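Spelled out from the first residue to the last, the chains are:
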Amino acid sequence: MFFSDIAVGYPTDMGGILGLWAALILMLMIYSYPLYKENFAYRFAEYTYVAVSMAIGIIVTLDSLIRTQLTPLVTKGQLILVIPVILGFMMYFLLVPDYRWVSRYPIAILVGSSMGVGLSSQIIPSILNQIISTIQNPGVGATAIDWFSFVFIAVGTICATMYFLLTYEHKGPIKYTTQAGRYFIMLGLGAYFGNTVLFRLSMLATRAQLFLQVLKIIPM
Amino acid sequence: MSSGNIWDKLQAIDRRVFYWILFIALMIPYLRPIGFPIEINAPAKGIYDELSTVQPGEVCVLSINSGVSAWGDCLPAMVACIRMLAQQDARILVWGMGHTDIDITWQEIMDRSPELKDKVYGEDYAFFGYLPTQETTIALLAEDIRAVFSLDRYSTPIDDLPIMEDVNGADDVRLLLSSDTGDVQGYYIRQWHTKHGTPIGSIGIAMNASGDLPFFLSGDLFGLSGGSRGGAELEQLAGVPGEAITTMDAISVSHLLVVFAIILANVGYFATRGKR
């Protein structure tokens, strides 16, 4: 019932074909900036993207508001939902300089409730479980790689933590530990950066794939 | 430039030339797949192993917290997981946080999951659409799904959906998969796993993989699919080969190119350093 007419494969209906070509042309307009230089086509595609994203955002958010707040409020008489709806509308006073203070109340409630809910269950997964998994040895039957990982993570954690202990001067025997900590942090940042590059290349790869698919060079 | 040696000339190449080479090189594996081997790692195997234990009728949740821009990284893994769950006759609930394009993503997952076409909407799976991201929302979902959703995405009252008959909160859910570009998965770990013991699996973009791995090692996540690589591993494990395996070829080619460029740039730098 809810499946689209466009199944996997090249679309056969005019709307689907036009949509694909629009995607390809807008993509090429966006890529004209890094592949050539800043130009009118790039700016047009950029503005179109921002406008369409905004439109989708407004419609989907309104739809969510109607389904999750207004409908139960009206049909089931859940009057308590009036409070979040009013608080939500109070947020828009951010846009009125003279009454900006009104928006501080919903923001304060939002930040306070989120912190309260989050902090109460933060300690177990983010602190206790991390300490346990760091100090727990791999046990019987572990491979050499498991032991290496265990020692590497344990030593890395200790050294990186010592790097951030700033209540004493990093000299003498401590100097080498904090220096090692610095290298461990650099390794960690390197891994983050590598993964970031991987994500960007993955996005680019799927665009290259779309390019070939729309031109029917490879199947969709 | 004209008077310089080859290293000077190489270092003066316009970066746009490299972008063109990269864009063209990425297309080659799609035209002629190379078939680089994909080794299965423990995090992706964790997802497969846990999904394999799901019994018919058990309720599983997919929370789509990633947008269209992350399809390359997250979509193949989501498709592989949904196909696997559908094959095992699990009941599937789908909702999403923070990305307003969730409808398009869910449509894409359905289009790529032939197993779902034999299923009945409302009985075997249900889609609840978009929710704004807040940890408080996720905490409330864990306690009482009906307090958040009174209607599904198609405005059907939640109590009219047979799939929801005995499902009220996290305690009734066998496992939850969170597809992330941000930190929503952390909310699920805190509010669903820590408080209710619901197993959580993560399908994240590659950028998040390093940050998510400690939660897999500590057992807070039963599995982790990081980027296209994770998707390719899951496709291989689940026996549903898809786009991620081909995409991995393209990414491997691009990585070789980037590594080659880095080596070349460094050799050029050291070769010309004495002149500066």
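Because the structure is predicted, anything quoted here is derived from the model rather than measured.

Basis of the calculations
- Residues numbered from 1 in each chain as written.
- Chains lettered and ligands numbered in written order.
- Predicted model: local features only at pLDDT ≥ 70, side-chain atom pairs only at ≥ 80, totals over all residues.
- Heavy atoms only, no water.
- Helix = DSSP H or I, 4+ residues; strand = E, 2+ residues; numbered from the N terminus.
- Buried < 20%, exposed > 50% of the residue type's maximum accessible area, 1.4 Å probe, protein only.
- Contact = heavy atoms within 4.5 Å.
- Patch = residues over 30% accessible without salt bridge, like charges linked within 9 Å, V, L, I, M, F, W, Y side chains within 5 Å.
- Areas by Shrake-Rupley, 256 points an atom, 1.4 Å probe, with all protein chains shown as cover.
- Salt bridge = Lys/Arg side-chain N within 4 Å of Asp/Glu carboxyl O.
- Lys, Arg positive; Asp, Glu negative; His and termini not counted.
- Charge placed at Lys NZ, Arg CZ, Asp CG, Glu CD.
- Pairing = 2+ DSSP bridges.
- Right-handed = clockwise from strand over helix to strand, strands pointing away.
- 1 Å grid on protein atoms, 1.4 Å probe; cavity = no way out; pocket = protein on both sides within 12 Å on 5 of 7 lines; lining within 4 Å.
- Points joined across faces, edges and corners; volume = space filled by probe spheres on them.
- Nonpolar A, V, L, I, M, F, W, Y, C, P; charged D, E, K, R; others polar.
- Expected span 1.5 Å × (residues − 1).
- Phe/Tyr/Trp six-rings, centres within 6.5 Å; stacked < 30°, edge-to-face > 60°.
- Lys NZ or Arg CZ within 6 Å of the ring centre and 35° of its normal.
- Domains from an automatic or database assignment.
- Axes fitted to C-alpha atoms, helices over the stretch in contact; angles between N-to-C directions.
- Buried area = accessible area lost by both parts, 1.4 Å probe.
- Polar contact = N/O pair within 3.5 Å; in protein donor to acceptor, adjacent residues only side chain to side chain.

1. Details of the overall build of chain B
Moving on, step 1. Check the secondary structure of chain B and you find 11 helices and six strands.
Moving on, step 2. Considering only C-alpha atoms, chain B reaches an extent of 80 × 35 × 35 Å along its principal axes.
Moving on, step 3. Burial statistics for chain B: of 276 residues in total, 54% are counted as buried.
Moving on, step 4. Nonlocal contacts in chain B, meaning residues at least 24 apart in sequence, comprise 75% of its contacts between residues at least 6 apart.

2. Description of the side chain of S64(A)
Moving on, step 1. Looking at where S64(A) falls in the secondary structure, it is placed in helix α2 (residues 40-75).
Moving on, step 2. Ignoring sequence-local partners within four residues, the contact set of S64(A) consists of Q69(A), Y130(B), L131(B) and P132(B).

3. Some details on a negative patch on the surface
Residue and element names in this part refer to chain B.
Moving on, step 1. Side chains of E143, D144, D171 and D172 sit close together on the surface and give a patch of like negative charge.
Moving on, step 2. Within the element layout of this structure, E143 appears in helix α6 (residues 135-143).
Moving on, step 3. Exposure remark for E143: the relative accessible area of 53% places this residue in the exposed category.

4. Structural notes on the pairing of strand β5 (residues 200-204) of chain B
All names here are of chain B.
Moving on, step 1. With respect to burial, β5 is a largely interior element, five of its five residues being buried.
Moving on, step 2. Strand direction decides the pairing type here: strand β4 (residues 175-180) and β5, joined by five bridges, are parallel. Bridge pairing links S179 to I203 in β5.
Moving on, step 3. Of the crossover connections in this fold, the one passing from β4 over helix α8 (residues 184-196) to the parallel β5 is right-handed.
Moving on, step 4. Of the pairings in the sheet, the one linking β5 to strand β6 (residues 223-226) comprises four bridges and is parallel in character. Residue pairing in the sheet places S202 in a bridge with L224 of β6.
Moving on, step 5. Remark: the β5/helix α9 (residues 206-217)/β6 crossover connection has right-handed handedness.

5. Some thoughts on the pattern of salt bridges
When their charged atoms lie close together, side chains carrying opposite charge are able to pair.
Residues and elements named next belong to chain B.
Moving on, step 1. For the coordinates displayed, the defined rule picks out 17 salt bridges over all chains.
Moving on, step 2. In this structure, R174 engages E58 in a salt bridge whose closest nitrogen and oxygen atoms are separated by 3.3 Å. Of this pair, R174 sits in the loop between α7 (145-148) and β4 while E58 sits in the loop between α3 (42-52) and β1 (59-65), and the two are 116 residues apart along the sequence.
Moving on, step 3. Judged by its relative accessible area of 25%, E58 is partly exposed.
Moving on, step 4. With a closest N to O distance of 2.8 Å, E135 and R190 form a salt bridge. Within this pair, whereas E135 is found in helix α6, its partner R190 is found in helix α8, the two being separated by 55 residues in sequence. Assigned by exposure class, E135 and R190 land together as buried.

6. What about empty space enclosed by the protein?
Moving on, step 1. Here the structure, examined in full by the defined rule, presents one cavity of 30 Å³ or more.
Moving on, step 2. Surrounding the largest cavity, T68(A), P72(A), Q78(A), L81(A), R146(B), A147(B), V148(B), F149(B) and S150(B) form its lining.
Moving on, step 3. Listed by contribution, the elements that provide at least two residues to the lining of the largest cavity are α2 of chain A together with α7 of chain B.
Moving on, step 4. For the lining of the largest cavity, the element with the highest residue contribution is α7(B), accounting for three residues.
Moving on, step 5. In terms of residue class, the lining of the largest cavity is built from five nonpolar, three polar and one charged.

7. Thoughts on helix α1 (residues 14-35) of chain A
For an α-helix, the turn length of 3.6 residues means that residues three or four places apart are oriented alike.
Moving on, step 1. Look at α1(A): 30 Å from first C-alpha to last across 22 residues, which is about the 32 Å you get at 1.5 Å a residue.
Moving on, step 2. For α1(A), the set of buried residues is G16(A), L20(A), L24(A), M27(A), M29(A), Y31(A), S32(A) and L35(A).
Moving on, step 3. Of the surrounding elements, those touching the buried residues of α1(A) are α2 and α7 (173-214) of chain A together with α2 (15-31) of chain B.

8. Focus on the packing of aromatic side chains
Moving on, step 1. Summed over all chains, the structure comprises 21 aromatic pairs over all chains.
Moving on, step 2. Judged by centre distance (5.0 Å) and plane angle (35°), the rings of F128(B) and F149(B) are tilted. On the criterion of sequence distance, the pair formed by F128(B) in strand β3 (residues 125-131) and F149(B) in the loop between α7 and β4 is long-range, its members being 21 residues apart. As far as the burial class goes, F128(B) and F149(B) line up, both buried.
Moving on, step 3. The structure contains a cluster of three or more aromatic residues connected by ring pairs, namely W95(B), F128(B), F149(B), Y188(B) and W192(B).
Moving on, step 4. Across the ring face of Y10(A), the terminal group of K216(A) is positioned such that the distance to the ring centre comes to 4.5 Å.

9. Some points on the domain arrangement of chain B
Moving on, step 1. Split by domain assignment, chain B resolves into domain 1 (6-32 + 251-273) and domain 2 (42-241).
Moving on, step 2. Look at where the C-alpha atoms of domain 1 of chain B and domain 2 of chain B centre, and you get two points 38 Å apart.

10. Observations regarding the sheet that holds β1(B)
Residues and elements named next belong to chain B.
Moving on, step 1. With parallel pairing, six strands are arranged side by side in an open sheet as β3-β2-β1-β4-β5-β6. Since the sheet does not close on itself, it has two edges, and those belong to β3 and β6, each with one partner. Each neighbouring strand pair of the sheet contributes to a mean axis angle of 15°, computed without reference to strand direction.
Moving on, step 2. Direction of pairing for β1 relative to β4: parallel, over a ladder of six bridges.

11. Re the interface of chain B and chain A
Moving on, step 1. Contacts between the two partners involve 64 residues from chain B, matched on the other side by 57 residues from chain A.
Moving on, step 2. Contact between chain B and chain A buries roughly 5,200 Å² in total, counting both sides, with carbon and sulfur atoms accounting for 67%.
Moving on, step 3. By the criterion of area lost to chain A, the three top residues of chain B are F23(B), Y30(B) and M207(B), representing 13% of everything that side buries.
Moving on, step 4. Applying the counting rule to chain B against chain A returns one salt bridge.
Moving on, step 5. A salt bridge links R153(B) to D63(A); the nearest nitrogen and oxygen atoms lie 3.4 Å apart.
Moving on, step 6. Our count for the contact surface shared by chain B and chain A stands at 17 residue pairs in polar contact (both at pLDDT 80 or more).

12. Overview of the environment of L79(A)
Residue and element names in this part refer to chain A.
Moving on, step 1. Inspection of the secondary structure assignment puts L79 in the loop between α2 and α3 (82-90).
Moving on, step 2. By relative accessible area, L79 is classed as exposed at 64%.
Moving on, step 3. Expressed as a C-alpha distance, the spacing of L79 and Q69, which sit 10 residues apart in the sequence, is 10.0 Å.

13. Things to note about the environment of T48(A)
Moving on, step 1. Among the structural elements, T48(A) can be located in helix α2.
Moving on, step 2. Taking the C-alpha atoms as reference points, T48(A) and Y31(A), 17 residues apart in sequence, are found 14 Å from one another.

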